[in-house]
Amino acid sequence: MKVTVFGIGYVGLVQAAILASVGHDVMCVDIDENKIENLKKGIIPIYEPGLTPLVEEAYKNGLLKFTIDAKQGVEHGTVQFVAVGTPPDEDGSADLKYVLAVAETIATHMSAPRIIIDKSTVPVGTADKVAAKVASVLAERNVEIEFDVVSNPEFLKEGAAVSDCMKPDRIVVGTENEDSREVMRELYAPFNRNHDRMIFMDVRSAELTKYAANCMLATKISFMNEISNLAELLGADIEAVRHGIGSDSRIGYQFIYPGCGYGGSCFPKDVQALVRTANGIDYKPALLEAVESVNYRQKQKLFTNLNNHFKGDLVGKTVAVWGLSFKPQTDDMREASSIELMKSLWKAGAKVQAYDPEAMEECQRIFAEQDGLSLVGTKESALKGADALVICTEWSQFRAPDFDLIASSLSNKVIVDGRNLYDPSLMKKRGFSYYGIGRGDSVIKQG
Ligand SMILES: NC(=O)c1ccc[n+]([C@@H]2O[C@H](COP(=O)([O-])OP(=O)(O)OC[C@H]3O[C@@H](n4cnc5c(N)ncnc54)[C@H](O)[C@@H]3O)[C@@H](O)[C@H]2O)c1
């Protein structure tokens with residue numbers, strides 16, 4: 001099938017590569033010329049396990065093409081994916097300007113029927129807006145060409161995006177059009193062999209399904225963070241509690257890790273956007289608002305713990321930071337807890353020595369002009385001469401470090417662990433002041 005993908009980011013590039021890997025003929029369109037030129041040279045703009053060989057192979061076979069020429073893209077695919085960003089607007093609602101710009105582009109250049117697939121995460125009602133935009137441009141052009149707008153939200157997880165797309169849990173498709181339904185079946189047939197993963201529904205339900213999924217996951221995280229704060233104040237250990245509740249099959253062990261708040265390009269903006277959608281229809285989304293405010297508070301926690309340890313005086317201190325990405329296996333730092341922490345540290349007069357296995361370039365890009373930041377090549381060198389260590393991301397290489405080296409490198413034996421990687425009692429035995437999240441042994445009252 002001839003497929004065009006608009007927006008070659010985390011979602012678009014992975015989707016394009018996996019569709020090409022099974023034999024579809026895929027053209028990728030982006031407005032970022034630099035990105036497209038690099039992709040043609042084999043330079044992959046993001047870190048995503050397994051993605052590079054997939055892109056290289058499909059590009060070599062001629063099934064994956066890259067262009068900034070939108071007209072060429074519109075002419076190519078009978079299906080046109082829209083996978084551009086939907087960042088928060090000033091008021092937190094999803095900004096649809098990129099999605100609508102692509103709709104306009106498609107309508108401007110189309111000369112044969114097209115199925116437009118909304119892959120971006122978009123509020124309920126967006127498919128109608130896309131359809132209205134396309135219809136109005138076609139009317140201006142004074143042409144009548146058939147088109148349909150389908151909602152096909154993406155559920156991939158960064159860090160496991162390739163395997164998620166190869167073996168999706170489900171493929172949600174919102175359309176009431178029989179023909180589009182058949183095309184979507186054919187498009188995804190290679191990923192649907194083991195059992196039927198396709199879930200068809202109406203467009204608005206598909207749009208809401210994506211927000212519901214992300215808000216549910218964000219709720220689980222904020223719930224655990226709320227309980228972890230209670231555990232701290234009550235002298236209980238959240239890790240024991242986590243095991244205790246996870247063993248209930250109705251609750252389960254997945255996604256109930258306490259931590260230093262959720263980040264990334266999806267949860268924060270999607271919770272916010274659904275809150276704004278609710279506000280727009282005069283509904284008060286009390287639970288979603290709480291999820292957001294618990295997360296906001298949790299993101300201050302690493303700094304609060306460190307600041308309390310140093311009795312509010314961080315001026316001139318150097319803090320080693322392990323992990324900058326919002327989660328392991330990605331270089332994505334959007335809304336990462338590390339950003340919140342580092343900004344607070346700089347404001348308090350401290351310096352940061354940071355290391356991350358994949359996100360150093362991204363950090364350099366974001367904080368190119370920032371004083372008080374040195375990015376170093378190993379986790380060990382981040383410790384040299386530092387007063388304390390803070391762990392923001394649970395990369396596997398941080399799980400069993402050389403504690404003697406940590407102790408001898410730090411001028412104060414202080415570890416603030418945002419991911420509960422270590423055992424508080426062992427840390428105590430080794431002579432560390434250790435602050436986890438919700439650990440009875442390392443209780444610190446919030447300031
Ligand atoms: N990143 C994730 O884990 C994830 C998961 C599921 C869903 N989503 C959703 O998918 C969408 C895309 O997210 P992402 O993380 O891939 O974004 P991204 O920022 O990584 O990529 C978006 C790309 O779109 C390009 N673009 C913007 N306007 C364009 C235009 N008019 N024509 C062509 N290209 C254009 C940008 O240059 C950029 O390369 C968002 O709605 C997001 O919420 C993301």
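Only a predicted model underlies this, so the values are computations on that prediction, with no experimental measurement involved. (Residues numbered from 1 in each chain as written. Predicted model: local features only at pLDDT ≥ 70, side-chain atom pairs only at ≥ 80, totals over all residues. Heavy atoms only, no water.)

## Side note on the overall build of the protein chain
Looking only at helices and strands, the protein chain features 18 helices and 14 strands. The C-alpha extent of the protein chain, read off along each of the three principal axes, is 75 × 45 × 40 Å. Buried residues in the protein chain amount to 53% of all 447 residues. A separation threshold of at least 6 residues defines the contact pool for the protein chain, and within that pool the share at least 24 residues apart is 73%. Total accessible area on the protein chain stands at roughly 19800 Å², and carbon and sulfur atoms take up 51% of it. (Helix = DSSP H or I, 4+ residues; strand = E, 2+ residues; numbered from the N terminus. Buried < 20%, exposed > 50% of the residue type's maximum accessible area, 1.4 Å probe, protein only. Contact = heavy atoms within 4.5 Å. Areas by Shrake-Rupley, 256 points an atom, 1.4 Å probe, with all protein chains shown as cover.)

## Some remarks on helix 13 (residues 301-309)
Burial analysis of helix 13 places 7 of its 9 residues in the buried class, the great majority of the element. Turning to helix 13, its buried residues are Lys301, Leu302, Phe303, Thr304, Asn305, Leu306 and Asn307. At the exit of helix 13 stands lysine 311, carrying a positive phi of roughly 50 degrees.

## Concerning the packing of aromatic side chains
Taken as a whole and assessed by the stated rule, the structure comprises 10 aromatic pairs. Between tryptophan 322 and phenylalanine 398, the aromatic rings sit 5.0 Å apart at their centres with planes inclined by 25 degrees, giving stacked as the arrangement. Linking tryptophan 322 in strand 9 (residues 318-322) with phenylalanine 398 in the loop between strand 12 (388-391) and helix 17 (403-409), this pair joins segments that are 76 residues apart in sequence. For tryptophan 322, a relative accessible area of 1% puts it in the buried group. Summarising the aromatic geometry, the rings of phenylalanine 403 and phenylalanine 432 are spaced 6.3 Å apart at their centres and angled 65 degrees between planes, so their arrangement reads as edge-to-face. Placement of phenylalanine 403 in helix 17 and of phenylalanine 432 in the loop between helix 18 (424-429) and strand 14 (433-435) is noted, with a sequence separation of 29 residues between them. Summarising the burial analysis for this pair, phenylalanine 403 and phenylalanine 432 share the class buried. One cation-aromatic arrangement involves arginine 170 over phenylalanine 155; the distance from NZ or CZ to the ring centre is 3.7 Å. The ring of phenylalanine 432 has lysine 413 sitting right over it, with the charged end atom 5.4 Å from the ring centre. (Phe/Tyr/Trp six-rings, centres within 6.5 Å; stacked < 30°, edge-to-face > 60°. Lys NZ or Arg CZ within 6 Å of the ring centre and 35° of its normal.)

## Quick word on the pattern of salt bridges
Inspection of every chain in the model, using the stated rule, returns 25 salt bridges. With a shortest N-O distance of 3.1 Å, glutamate 154 and lysine 119 are connected by a salt bridge. Placement of glutamate 154 in the loop between strand 6 (147-151) and helix 7 (161-166) and of lysine 119 in the loop between strand 5 (114-118) and helix 6 (126-141) is noted, with a sequence separation of 35 residues between them. Both residues of the pair, glutamate 154 and lysine 119, belong to the buried class. A salt bridge links glutamate 380 to lysine 379; the shortest N-O distance between them is 3.4 Å. Classification of glutamate 380 as partly exposed rests on a relative accessible area of 34%. Overlapping salt bridges, with partners in common, bring together Lys2, Asp25 and Lys65 in one network. (Salt bridge = Lys/Arg side-chain N within 4 Å of Asp/Glu carboxyl O.)

## Side note on empty space enclosed by the protein
This structure, assessed with the given rule, holds 1 cavity of 30 Å³ or more. Lining the largest cavity, in full, are Asp118, Ser120, Thr121, Val122, Ser151, Asn152, Pro153, Ala206, Glu207 and Lys210. Residue contributions to the lining of the largest cavity peak at 3 residues, all from helix 9 (residues 203-234). By residue class, the composition of the lining of the largest cavity is 3 nonpolar, 4 polar and 3 charged. (1 Å grid on protein atoms, 1.4 Å probe; cavity = no way out; pocket = protein on both sides within 12 Å on 5 of 7 lines; lining within 4 Å. Points joined across faces, edges and corners; volume = space filled by probe spheres on them. Nonpolar A, V, L, I, M, F, W, Y, C, P; charged D, E, K, R; others polar.)

## Details of the packing of helix 9 against helix 10 (residues 238-246)
Two quantities define a packed helix pair, namely the angle between the axes and the distance from one axis to the other. The interhelical angle for the contact between helix 9 and helix 10, taken along N-to-C directions, is 130 degrees, at an axis separation of 9 Å. It follows from the interaxial angle that helix 9 and helix 10 lie oblique. As helix 9 runs across helix 10, the sense of the crossing is right-handed. Along the contact surface, helix 9 presents Met224, Ile227, Ser228 and Ala231, while helix 10 presents Ile238, Val241, Arg242 and Ile245. Counted by class, the contact of helix 9 with helix 10 contains 6 nonpolar, 1 polar and 1 charged residues. (Axes fitted to C-alpha atoms, helices over the stretch in contact; angles between N-to-C directions. Parallel < 35°, antiparallel > 145°, perpendicular 65-115°, else oblique. Left-handed = near helix turned anticlockwise from the far one by under 90°.)

## Quick word on the environment of alanine 16
Residue position: alanine 16 is located in helix 1 (residues 10-21). In this structure alanine 16 comes out as buried when scored by relative accessible area, which is 0%. Separated by 65 residues in the primary sequence, alanine 16 and phenylalanine 81 have C-alpha atoms spaced 9.2 Å apart. Those residues in contact with alanine 16, other than ones at most four positions away along the chain, are Val5, Val26, Cys28 and Leu64.

## So, the confidence of the model for the protein chain
Looking at the protein chain, the pLDDT average stands at 96 and 98% of residues meet or exceed 70. Below a pLDDT of 50 lies the segment residues 442-447, which in the model reaches 17 contacts outside its immediate sequence neighbourhood of four places, other chains included. (pLDDT = per-residue confidence, 0-100.)

## As for the site of the ligand
The environment of the ligand is formed by 26 residues, the closest being Asp30, Lys35, Thr86, Glu158 and Lys269. Residue aspartate 30 places a side-chain N or O atom 2.6 Å away from an oxygen atom belonging to the ligand. With respect to the ligand, the side chain of serine 265 contributes an N or O atom lying 3.3 Å from a nitrogen atom. Compared with its free state, where it exposes 840 Å², the ligand has 88% of that area covered by protein. (Near = heavy atom within 4 Å. Polar contact = N/O pair within 3.5 Å; in protein donor to acceptor, adjacent residues only side chain to side chain.)

## Some thoughts on the layout of surface pockets
Here the second largest pocket is characterised by a volume of approximately 210 Å³. What lines the second largest pocket is Thr78, Val79, Pro113, Arg114, Ile115, Glu146, Phe147, Asp148, Asn177, Asp179, Ser180 and Val183. Counting residues per element, the ones that place at least two in the lining of the second largest pocket are strand 5, strand 6 and helix 8 (178-188). Examining the composition of the lining of the second largest pocket, we find that 3 residues originate from one element, helix 8, more than from any other. For the lining of the second largest pocket, the per-class residue count stands at 5 nonpolar, 3 polar and 4 charged.

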